[in-house]
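# Structural overview
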Amino acid sequence: MHTQPLQDRQALNDLMNGWMHRDLGEWEQLRNLFHPDGTIEITWYEGLASGFVDGSMRMGASDLRTKHMIGSPVVTFNKRGDKAILETNAMIIAENVKLNIGCECHNRFYDLAEKRDGVWKLFHRQSVYDMGTFTFPLGPVEIEASIAAKYPREYAALACLLELSGFPLSRVFATRGSELESKMKADAKKWLAV
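Right, let's walk through the structure included here. (Residues numbered from 1 in each chain as written. Predicted model: local features only at pLDDT ≥ 70, side-chain atom pairs only at ≥ 80, totals over all residues. Heavy atoms only, no water.)

Helix and strand counts for the chain stand at 7 helices and 7 strands. A compact globule built from 194 residues should have a C-alpha radius of gyration of about 16 Å, and the chain, at 17 Å, falls within 12% of that. Across its three principal directions, the C-alpha atoms of the chain cover 60 × 35 × 25 Å. Relative to its full complement of 194 residues, the chain shows a buried share of 45%. If you take every contact in the chain between residues at least 6 apart in sequence, the share linking residues at least 24 apart comes to 60%. Summed over its atoms, the accessible surface of the chain is roughly 10000 Å², and 55% of this surface lies on carbon and sulfur atoms. (Helix = DSSP H or I, 4+ residues; strand = E, 2+ residues; numbered from the N terminus. Rg over C-alpha atoms; globule rule 2.2 N^0.38 Å. Buried < 20%, exposed > 50% of the residue type's maximum accessible area, 1.4 Å probe, protein only. Contact = heavy atoms within 4.5 Å. Areas by Shrake-Rupley, 256 points an atom, 1.4 Å probe, with all protein chains shown as cover.)

Looking now at the pattern of salt bridges. Per the stated rule, a full pass over the model turns up 17 salt bridges. Asp8 is the salt-bridge partner of Lys115, the closest N and O atoms lying 3.0 Å from each other. Of the two residues, Lys115 sits in strand E6 (residues 101–116) while Asp8 sits in helix H1 (residues 5–17), which places them 107 residues apart along the sequence. Asp8 sits in the buried class, given a relative accessible area of 4%. The residue Asp54 makes a salt bridge to Arg31 at a minimum N-O spacing of 3.4 Å. Of this pair, Asp54 sits in helix H4 (residues 49–60) while Arg31 sits in helix H3 (residues 27–31), and the two are 23 residues apart along the sequence. Of the residues examined, Arg31 reaches a relative accessible area of 26% and is grouped as partly exposed. Look at the salt bridges and you will find they share partners, linking Glu87, Arg108, Asp130, Glu181 and Lys185 into a network. (Salt bridge = Lys/Arg side-chain N within 4 Å of Asp/Glu carboxyl O.)

Following the sequence through the fold, His68 ends up in strand E3 (residues 64–70). Classification of His68 by relative accessible area gives buried; the value is 13%. In this structure the side chain of His68 is engaged in a polar contact, spanning 2.8 Å, whose partner is the side chain of Asp23. Setting aside anything within four residues of it in sequence, one finds His68 in contact with Trp19, Arg22, Asp23, Met91, Ile92 and Phe109. (Polar contact = N/O pair within 3.5 Å; in protein donor to acceptor, adjacent residues only side chain to side chain.)

Our focus in this paragraph is the environment of Cys160. Within the fold, Cys160 resides in helix H6 (residues 156–164). Once the C-alpha coordinates of Cys160 and Phe134 are considered, the two residues, 26 residues apart in sequence, prove to be 9.3 Å apart. In this structure, Cys160 is in contact with Phe134, Ile143, Ile147, Ala148 and Tyr151, ignoring residues within four places of it in sequence.

In this structure, Leu12, Trp19, Trp44, Phe52, Tyr129, Tyr155 and Leu162 are the most contacted members of the largest nonpolar core, which totals 46 residues. Of all the elements, H6 adds the most residues to this core, at 7 residues. Contacts of Leu12, omitting those with residues within four sequence positions, involve Val75, Phe77, Ala84, Leu86, Ala113 and Trp120. Within the second largest apolar cluster, 9 residues are counted, among which are Leu112, Val128, Met184 and Trp191. (Core = buried A, V, L, I, M, F, W, Y, C linked by side-chain atoms within 4.5 Å.)

Before going further, it helps to spend a moment on H1. The end-to-end C-alpha separation of H1 is 18 Å, in line with the 18 Å expected for 13 residues at 1.5 Å each. Looking at the buried side of H1, the elements it contacts are E3, strand E4 (74–77), strand E5 (83–96), E6 and strand E7 (119–135). (Expected span 1.5 Å × (residues − 1).)

The subject of this paragraph is the state of the cysteines. Enumeration according to the criterion identifies 0 disulfides in this entry. Cysteine Cys103 is unpaired, with the sulfur of Cys105 as its nearest cysteine sulfur at 6.4 Å. Among the residues examined, Cys103 registers a relative accessible area of 0% and is labelled buried. Overall, the relative accessible area of 1% leaves Cys105 in the buried class. (Disulfide = S-S within 2.5 Å.)

Put into structure tokens, the structure is as follows:
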């Protein structure tokens, strides 16, 4: 039976707030948020979390700057208390300093976390995209409408900025109320029950 919910909830909250390491370029701390076999599926990257950190290092050295505002997670534990689903409101703020184009994208991280050897880490991170918009840090800039039109409205601004910055998307991702979101949540519940 799960006997330490407060300590576990705090550890999971700390794990979510640990995403700040990405914005600060603290790569080893970012890597440490995931189990060694941990994976991630987000707009510009799918695969092992270790590869995501390597890609984030490349992004950090580019003209693209990002910041993530992270809320507190809604946590659902399994009966043993060694697995959890976390759904966390977040906002991705980004800009390409050479193009003078930015975006704000509201999303929800949807994470599967496991407690191994007494330590909570992420096993799988996904995202649901709720809404987004372009921003123009130094005043309006014309955007090629056909690029943004290729993507779902909920993350079109983010996807366009990523593509223009050399980090293209390879597929469609979950948006609020989409079939992809429903499937993601159904698969996670099955994982939690095992």
